[in-house]
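Structure assessment
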Amino acid sequence: MFNRLYVHIPFCVKKCHYCAFVSRTPEKDELTEYPALLLREMLLHAPAARPLDSIYFGGGTPSLLQPLQIARLLEKFAVYLGLSADAEITLEVNPGTMSHNALKEFRDAGITRVSLGIQSFDDAFLVRLARIHTTEQSRQAFRDAREAGFTNISIDLIHSLPGQGLEQWRDEIRHAVQLGPEHISIYGLTIEEGTPFARSYPANSQELADDDLSADMFELADELLTAAGLEHYEIANYARTGYRSQHNSGYWKRDGYLGLGVAAHSFLRDGHGVRFSNPDNLEEYRQGVTSGHLTQAGTCQLTQAEAIAEYMFLGLRLAEGEDLHAFEREFGRSLESVYGSTAADLVKFGFLIQNERGLALTNRGMLLSNQVFEKFLP
Ligand code: SF4
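Since the structure is predicted, the reported quantities are computational estimates derived from the model, not experimental observations.

A tally of regular secondary structure across the protein gives 16 helices and 15 strands. For a compact globule of 378 residues, the expected C-alpha radius of gyration is about 21 Å, and the protein comes in at 21 Å, within 12% of that figure. When the backbone C-alpha atoms are referred to their principal axes, the protein occupies close to 60 × 50 × 40 Å. Each of the 378 residues in the protein was classed as buried or not, and the buried ones make up 53%. When contacts within the protein are restricted to residue pairs at least 6 apart in sequence, those whose partners lie at least 24 apart make up 70%. Across the protein, the centroid of the 34 positively charged side chains sits 3 Å from that of the 50 negatively charged ones.

So, on to the domain arrangement of the protein. Taken domain by domain, the protein comprises domain 1 (2–251) and domain 2 (304–374). Measuring from the centre of the C-alpha atoms in domain 1 to the corresponding centre in domain 2 gives 28 Å. Facing 10 residues of domain 1, the contacting portion of domain 2 comprises 11 residues. Here domain 1 and domain 2 share an interface that buries about 940 Å² over both sides, 59% of which is from carbon and sulfur atoms. Our count for the contact surface shared by domain 1 and domain 2 stands at 2 salt bridges. Among the ionic pairs, Arg 317 bridges to Glu 234, the shortest N-O distance being 2.5 Å.

The interhelical angle for the contact between helix 1 (residues 30–45) and helix 10 (residues 282–291), taken along N-to-C directions, is 45°, at an axis separation of 9 Å. The orientation of helix 1 relative to helix 10 falls into the category oblique. Note that helix 1 runs across helix 10; the crossing there is left-handed. Two secondary-structure elements touch here, helix 1 through Glu 30, Glu 33, Tyr 34, Leu 37, Leu 38, Arg 40 and Glu 41 and helix 10 through Leu 282, Tyr 285, Arg 286, Val 289 and Thr 290. Partitioned by chemical class, the residues of the contact of helix 1 with helix 10 number 6 nonpolar, 1 polar and 5 charged.

Applying the stated criterion to the full structure yields 13 aromatic pairs. Geometrically, the ring pair formed by Tyr 34 and Tyr 285 is tilted, given 6.2 Å between the ring centres and 40° between the ring planes. Note that Tyr 34 is positioned in helix 1 and Tyr 285 in helix 10, a separation of 251 residues in sequence. Given the relative accessible area of 0%, Tyr 34 is considered buried. Accessibility expressed as a relative area gives 0% for Tyr 285, which makes it buried. Ring centres of Tyr 311 and Phe 331 lie 5.3 Å apart, and the angle between their planes is 80°; on these two criteria the pair is classed as edge-to-face.

In this section: the sheet that holds strand 13 (residues 322–323). The antiparallel open sheet is built from 3 strands, whose spatial order is 13-15-14. Both outer strands of the open sheet, strand 13 and strand 14 (352–354), are each paired with one neighbouring strand and no more. Bridge count for strand 14 against strand 15 (residues 358–361) is 3 bridges, and the pairing is antiparallel. If you follow Leu 352 over to strand 15, its bridge partner there is Leu 361.

With that out of the way, let us pick up the side chain of Ser 369. Note on placement: Ser 369 falls in helix 16 (residues 369–374). Here Ser 369 falls in the buried class, since its relative accessible area comes to 8%. The contacts of Ser 369, once residues within four sequence positions are left out, are Ile 235 and Leu 361.

Cut-offs applied
- Residues numbered from 1 in each chain as written.
- Predicted model: local features only at pLDDT ≥ 70, side-chain atom pairs only at ≥ 80, totals over all residues.
- Heavy atoms only, no water.
- Helix = DSSP H or I, 4+ residues; strand = E, 2+ residues; numbered from the N terminus.
- Rg over C-alpha atoms; globule rule 2.2 N^0.38 Å.
- Buried < 20%, exposed > 50% of the residue type's maximum accessible area, 1.4 Å probe, protein only.
- Contact = heavy atoms within 4.5 Å.
- Lys, Arg positive; Asp, Glu negative; His and termini not counted.
- Charge placed at Lys NZ, Arg CZ, Asp CG, Glu CD.
- Domains from an automatic or database assignment.
- Buried area = accessible area lost by both parts, 1.4 Å probe.
- Salt bridge = Lys/Arg side-chain N within 4 Å of Asp/Glu carboxyl O.
- Axes fitted to C-alpha atoms, helices over the stretch in contact; angles between N-to-C directions.
- Parallel < 35°, antiparallel > 145°, perpendicular 65-115°, else oblique.
- Left-handed = near helix turned anticlockwise from the far one by under 90°.
- Nonpolar A, V, L, I, M, F, W, Y, C, P; charged D, E, K, R; others polar.
- Phe/Tyr/Trp six-rings, centres within 6.5 Å; stacked < 30°, edge-to-face > 60°.
- Pairing = 2+ DSSP bridges.

Structure below.
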């Protein structure tokens, strides 16, 4: 069962130098034919759907699709999967692919929220990242989205860029706040194997931020964005009241979701949960959906122990943390009976706080979240 839908569009104008997502430049008619493949795949799963509470077009660069293609997809999703009246429907938008008219048409097509991949307000960094847009194009895309009637706009920023100092990062946040988005996602740069950045910046590169500088940047973002009235509701995400990402919140709460498209991941709420992913090769994906036998990789029916671990490290990402009563309702046992003194030790060392509701990460815990989550692995 699932109530959320992720749609992966694996095409970009060109590859950014830090990017390890499954995406490439489209060839010939690939952009034109791809939506039909998505619909064929959808039909393979339709009986398991509940009305969808959110749809997320991610990538890649989903804003490379035409508004009419998105409109047709949304019509079919509504007919075959069902769509809640107040469903959140997000489109990731690359500022280098957008025009005022296209944004209006995407809104008319049914998109309710745009996520702008701004990444930096410094043109020199945008060139280094090999982004296809300038800072001015980012600002224009934001203004166009507002004028098109979008009242729910998210922007992405990356910190710890090669050579970036704390004062430059302060400027980035200042520019972001000045735009006035409802939601901001903040990511620290990670150097991914096989990317041009991995060749340019080996682990010992002096240009990369060390752990202390990255931590300072994380804390500065927390200080400036919360002072600007945004709530730090998840490790990497800030929102004005009422504007949390419903779709991503569903991931952290372990809602079922179906991923359509090349390399898309799914999580269905059967038993303790089933995870699987689609082929990351377009040709293999095309053959699978057209033959009706899509081979999904890594199908995994979770055990209770695995589901509990996931519940912990996904739920703890949220600032409100884990509700101990909800844990007991879900698994029929108390958290203490599963983890013994683990949580108490993490509280003692300042990584978690315990309150009436349950457990949550401290700021220090958020900074070192991966080490904290490891403690909850089976
Ligand atoms: S636009 Fe996004 S998905 Fe495409 S190459 Fe750049 S970072 Fe990767």
